[in-house]
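In case you want the letters, here they are:
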Amino acid sequence: MVIKPKIRGFICTNAHPAGCEAHVNEQIAYVKSQTQAADKPKNVLVIGASTGYGLASRITAAFGNNAKTLGVFFEKEPTEKKTASAGWYNTAAFQKAADEAGLWSKNINGDAFSHELKAKAINIIKEELGKVDLIIYSLASPRRTDPDTGEVYSSTLKPIGQGVTTKNLNTTKRIIDSVSVEAANEAEIQGTVDVMGGADWELWIKALSEADVLAENFKTTAYTYIGKKLTWPIYGHATIGRAKEDLDRAAKAITESTSSVNGKAYVTSLNAVVTQASSAIPIMPLYISAMFKVMKSDGEYQGCIEQIQSLFVENLYNDSPRLDDEGRLSQNYKELDDSVQDRIQHIWDTVDTDTIDELTDYAGYHNEFLKLFGFGIDSVDYEADINPVVEINNLV
Ligand SMILES: NC(=O)c1ccc[n+]([C@@H]2O[C@H](COP(=O)([O-])OP(=O)(O)OC[C@H]3O[C@@H](n4cnc5c(N)ncnc54)[C@H](O)[C@@H]3O)[C@@H](O)[C@H]2O)c1
């Protein structure tokens, strides 16, 4: 089949296997070209390993540090008529490259929030790895089924307190308009905390601890976005921000509960990047397009793989990690610099539909968006007939 992007609103409903493979190989090549820390992870569990920051973490652990990686994700398989989701093809490509490099790697596709999937992962760790010394928690999901009660929690992207009307880059119409989002009610706030907060991260660590598969001095990190004034109304001070505060609580609780093996849990604050998760957040296309313009012109912008490569070297495996005021590992300090934020604010205040391309890097945003699904990559022939059915080796 010839595969062209099918974009519906902020999502692309198909993916290109060869494009996803090229995107993964690009990230592998980047990591291999970098200098790594002397201290390295050996056996790594990546929860949310197929796209975005989780995939970048898995690539960094495996191809930068020669670690064995067990990847957990929730992706759609291909059929003869329908492509798989991008994360499926990404994982197939990751595994192919790992096989070629002789790196141990296994994959589990299913609901990471369930007890069953945790038990499956633990069995593999026990049988084949012994213990894990790094656990990356990088899930982004709109829903979570409570594994004990069966209750389904939903997360929302809404402000807290009062509704917000804000400037917006409408990616469907390619215009600047405004978007209004009503304030969340208490149930919606709690639902978002239940999905995107620290509860499931704690359940994972508890299950791993009870199975005695946490190595002495293991580390674990979950990812957050700490923005400033521009993104506060719909992120930092909104439902998702409340959920992220719960990660800070969970990190402390995990560190305390695993003190017998000297475990250490961190929240890491990362750059705003184009991923399937962030493109669903109303203000992000405009914020990221303006931020790209500023940070790329300074030569300072880092995407997923650059952020995670630096996280390993500068923070996770460094004797003097860079911590923010709340004790989080800080990777997006350049984006948060006041002078950078002021320049983004200026673009935000002045841009209109006619000046989108002049004042922002929306073209760059859109290219990154297409790339998430394996489109818009120079080396790929998008006119070629390609089989959508690709298997993931070592899928257990
Ligand atoms: N994108 C950003 O700008 C940004 C910035 C800072 C922090 N973060 C944080 O990084 C983390 C990862 O976000 P991302 O943007 O890389 O997201 P993403 O959408 O690219 O990746 C989400 C991952 O979670 C997996 N997943 C979702 N539901 C699952 C389930 N039920 N079971 C198993 N796997 C499941 C997906 O398969 C995928 O591997 C999130 O905590 C997010 O808040 C993102």
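Here the structure is shown first, and the text comes after it.
Rules and cut-offs
In this numbering scheme, every chain counts its residues from 1 along its sequence in written order. Given that the model is predicted, a residue must reach a pLDDT of at least 70 before its local features are reported, and side-chain atom pairs must reach 80 or more before they are shown or counted; all residues, however, enter totals for whole chains, interfaces and linings. DSSP bridges decide pairing: two strands pair if at least two such bridges lie between them. Counting from the N terminus, the helices are DSSP H or I runs at least four residues long and the strands are E runs at least two residues long. Any two residues are considered in contact once their C-beta atoms, placed from the backbone, lie within 7 Å. For helices, the fitted line uses only the C-alpha atoms of the stretch in contact; every axis is such a line through C-alpha atoms, and the angle between N-to-C directions lies from 0 to 180 degrees. Here a nonpolar core is just a set of buried residues of the types Ala, Val, Leu, Ile, Met, Phe, Trp, Tyr and Cys, joined wherever their C-beta atoms sit within 7 Å. The burial criterion counts other C-beta atoms lying within 10 Å of a residue's C-beta, which is placed from the backbone; the residue is buried at 20 or more, exposed at 12 or fewer, and partly exposed between these limits. The cut-offs work like this: below 35 degrees is roughly parallel, past 145 is roughly antiparallel, 65 to 115 is roughly perpendicular, and the gaps in between are oblique. Note: crossing handedness is left-handed where the near helix turns anticlockwise from the far helix by less than a right angle, and right-handed where it turns clockwise. As a working rule, the residues Ala, Val, Leu, Ile, Met, Phe, Trp, Tyr, Cys and Pro are called nonpolar, Asp, Glu, Lys and Arg charged, and the rest polar, with Gly in that last group. What a helix is expected to span follows from its residue count: subtract one and scale by 1.5 Å. Call a crossover right-handed when, viewed with both strands pointing away from you, the route from the first strand across the helix to the second goes clockwise.

(A) Region of the structure containing the sheet that holds strand β11 (residues 214-224). Taken in spatial order, the seven strands line up as β5-β4-β3-β6-β11-β12-β13 in an open sheet, and their pairing is parallel. Both edges of this open sheet fall to β5 (105-109) and β13 (329-330), since each of them pairs with a single strand only. Pairing geometry for strand β4 (residues 68-73) and β5, over five bridges, is parallel. Each bridged residue has a counterpart across the sheet, and for Thr69 the counterpart in β5 is Ser105. Contacts from helix α3 (residues 86-101) reach β4 and β5, with the element oriented near 165° to β5.

(B) Representation of the nonpolar core. Residues Leu45, Ile47, Ile59, Tyr89 and Val132 are the most contacted members of the largest nonpolar core, which totals 106 residues. In terms of residues, this core owes the most to one element, helix α8 (residues 284-297), which gives nine residues.

(C) The packing of helix α6 (residues 199-210) against helix α7 (residues 239-257), seen in detail. One can describe the packing of α6 onto α7 by two numbers: an axis separation of 9 Å at closest approach and a directional angle of 15°. Of the possible angle classes, the one that applies to α6 and α7 is roughly parallel. Classified by chirality, the crossing of α7 by α6 is right-handed. For the pair α6 and α7, contact is made by Trp201, Glu202 and Ile205 and by Ala250, Ala253 and Ile254, respectively. Grouping the constituent residues of the contact of α6 with α7 by class yields five nonpolar, no polar and one charged.

(D) Main features of α6. For α6, built from 12 residues, the straight-helix expectation of 16 Å at 1.5 Å per residue is met to within 8% by its first-to-last C-alpha distance of 16 Å. Immediately downstream of α6, the backbone of Asp212 shows phi near 55°, a positive value.

(E) The arrangement of the pairing of β4 in detail. Most of β4 is tucked away: six of the six residues are buried. Bridge analysis of strand β3 (residues 43-47) against β4 gives five bridges, and the strand direction is parallel. Residue pairing across strands places Asn43 opposite Lys68, the latter belonging to β4. In terms of handedness, the path from β3 via helix α2 (residues 52-65) over to β4 forms a crossover that is right-handed.

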